[in-house]
Amino acid sequence: KKTVKDLDLKGKKVLVRADFNVPMKDGKITNDNRIQAALPTLEYILDQGGKAIVFSHLGRVKTEDDKAGLSMKPVSERLSELLGKDVTFVAETRGEELESAVNNLNDGEIMMFENTRFEDVDGKKESKNDPELGKYWASLGDVFVNDAFGTAHRSHASNVGIASNVESAAGFLVEKEINFIGGAVDEPKRPFVAILGGAKVSDKIGVIENLIAKADKVLVGGGMTYTFYKALGKDIGNSLLEEDKVDLAKELMDKAGDKLVLPVDSVVASEFSNDVPTEVVGENIPEGKMGLDIGPKTVELFENELKGAKTVVWNGPMGVFEMDNFAQGTIKVCEALANLDDATTIIGGGDSATAAQQLGFEDDFSHISTGGGASLEYLEGKELPGIAAISDK
Ligand code: 3PG
């Protein structure tokens, strides 16, 4: 695939798809990681004398009413602060005002236009990759840089649609994500250990299958533990269970043999609450209790499995880390990864990335993905349409 370095940028109108789908509360951005992650590409384009036209989706838009609170304006302001440069904002996704703003850009200047999903109100044009829309956006620029890794699992007008109409290249973020995640899965330094958590087996089936085939060990924690326990005939009390995935859990375990490592103890409580007493129990959960975190013996077991690992991919928290009483498992796994010498450590986005950041470990990993769904699909071994559509070298 072409990367931004393969493009001649001087004086060119450079369309840049970023993933600025950032968490917001009351009109304020609560985490700007995705904006920070796009800066190297934007700075490079501007340094090369390109005219950057940046855009992204934000949230999900179905009706006119959904647009409230989903304008890109606050994002353009934060971007301007981070770049230390004016970012012209156009509150349109098409039309004369947008076109003249593009034509008024000087070399090294940057602008941003409105939420691409505002085009979804009238027939889901963005999300269904309406060919006319992709063509129109492509017509606004000379070249297209796709740096929206978090959106790469979507085939939308603002990524795949544009790339089908104009020369395109991957930005530095997309390149980095592919090098880290793709590198880990396809050519890992061994031992390669995967740690998978999260509430549901159903969300992780594809990842577990792919990583059983590729990793040396797959450590499982989080709520999905109890569906595996059920498949082994253990008592699970009131723990989370996906009844219809029990057979599948059994199949996965048969396939994995001793590669798959399950928790040996759990922190349990009588309610899904931080305000009730907790206790640590072994592999059978007493009646009336639910498992909400991995226990200390499991932490030790996982630490041992991680010793000497050269590549580690982690996706999904080990427990309900949002509640203090059930955060230790996730904290300890974070610590164990942070303390590994000489290993490539990767967090595959989503909740585990949030956990690592909230717990203050964000600088201790080789790579924290900016993708949630995208990194999961990538870990499943699927081709990401947003990346597939980028021009070949
Ligand atoms: C994400 O946050 O995972 C991406 O920005 C994609 O958003 P979507 O799930 O609404 O398509």
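Residues numbered from 1 in each chain as written. Predicted model: local features only at pLDDT ≥ 70, side-chain atom pairs only at ≥ 80, totals over all residues.

Asker: Explanation requested: the overall build of the protein chain in the structure shown.
Answerer: Summing up its helical and strand segments, the protein chain has 14 helices and 17 strands in all. Taking 393 residues into account, the globule formula puts the C-alpha radius of gyration at 21 Å, and the protein chain, at 23 Å, falls close to it. By its C-alpha atoms, the protein chain is 70 × 45 × 35 Å across when sized along the principal axes. Burial statistics for the protein chain: of 393 residues in total, 49% are counted as buried. Of the contacts made within the protein chain by residues no fewer than 6 positions apart, 72% connect residues no fewer than 24 positions apart. (Helix = DSSP H or I, 4+ residues; strand = E, 2+ residues; numbered from the N terminus. Rg over C-alpha atoms; globule rule 2.2 N^0.38 Å. Buried ≥ 20, exposed ≤ 12 C-beta atoms within 10 Å, placed from the backbone. Contact = placed C-beta atoms within 7 Å.)

Asker: Hey, could you run me through the UniProt feature "binding site: ATP" (unreviewed entry) in the protein chain in this one?
Answerer: With numbering matched to this structure, UniProt assigns "binding site: ATP" (unreviewed entry) to Lys-204, Gly-291, Glu-322, Gly-349, Gly-350, Asp-351 and Ser-352. Taking the farthest pair of C-alpha atoms as the criterion, the annotated set spanning 149 residues is dispersed, since that pair is 23.9 Å apart. Within the secondary structure layout, Gly-349 lies in the loop between β16 (344–347) and α12 (350–358). Along the polypeptide, Asp-351 turns up in helix α12. Asp-351 sits in the partly exposed class, given 19 other C-beta atoms within 10 Å. Contacts of Asp-351, omitting those with residues within four sequence positions, involve Gly-198, Gly-316 and Pro-317. (UniProt positions renumbered as here; feature names shortened; annotations may be inferred.)

Asker: Is there a simple way to explain the pairing of strand β7 (residues 143–146) in this structure?
Answerer: Consecutive residues of a regular strand have side chains that alternate between opposite faces of the sheet. Burial of β7 is two-sided: the residues Val-143 and Val-145 facing one way and the residues Phe-144 and Asn-146 facing the other way are all buried. Pairing of β7 with strand β8 (residues 168–170) involves three bridges; the strand directions are parallel. Paired with Asn-146 across the bridge in β8 is Ala-170. (Pairing = 2+ DSSP bridges.)

Asker: Got a minute to help me understand the nonpolar core in this structure?
Answerer: Across soluble globular proteins, nonpolar side chains have a tendency to be buried as a group. Among the nonpolar cores identified, the biggest contains 115 residues, and Val-16 and Val-312 are the most heavily contacted of them. It is helix α6 (residues 172–186) that contributes the most residues to this core, seven residues altogether. For this core, the domains that each give at least three residues are domain 1 (4–172) and domain 2 (180–379). Residues contacting Val-16, with those up to four places away along its chain left out, are Thr-41, Leu-42, Ile-45, Ala-52, Ile-53, Val-54, Val-145 and Asp-147. (Core = buried A, V, L, I, M, F, W, Y, C linked by C-beta atoms within 7 Å. Domains from an automatic or database assignment.)

Asker: Looking at this structure, how should I read the environment of Asp-86?
Answerer: Mapped onto the elements of the fold, Asp-86 is located in the loop between α2 (73–83) and β5 (87–90). Judged by the 11 C-beta atoms lying within 10 Å of it, Asp-86 is exposed.

Asker: When you look at the pairing of strand β12 (residues 266–269) in this model, what are you seeing that I'm missing?
Answerer: Going residue by residue along β12, you find Ser-266 and Val-268 tucked away on one face and Val-267 and Ala-269 tucked away on the opposite face as well. When β12 meets strand β13 (residues 278–281), the two strands line up antiparallel, connected through four bridges. Paired with Val-267 across the strands is Val-280, a residue of β13. The pairing of β12 with strand β14 (residues 290–294) spans four bridges and is classified as antiparallel. Looking across to β14, one finds that Val-268 is bridged to Gly-291.

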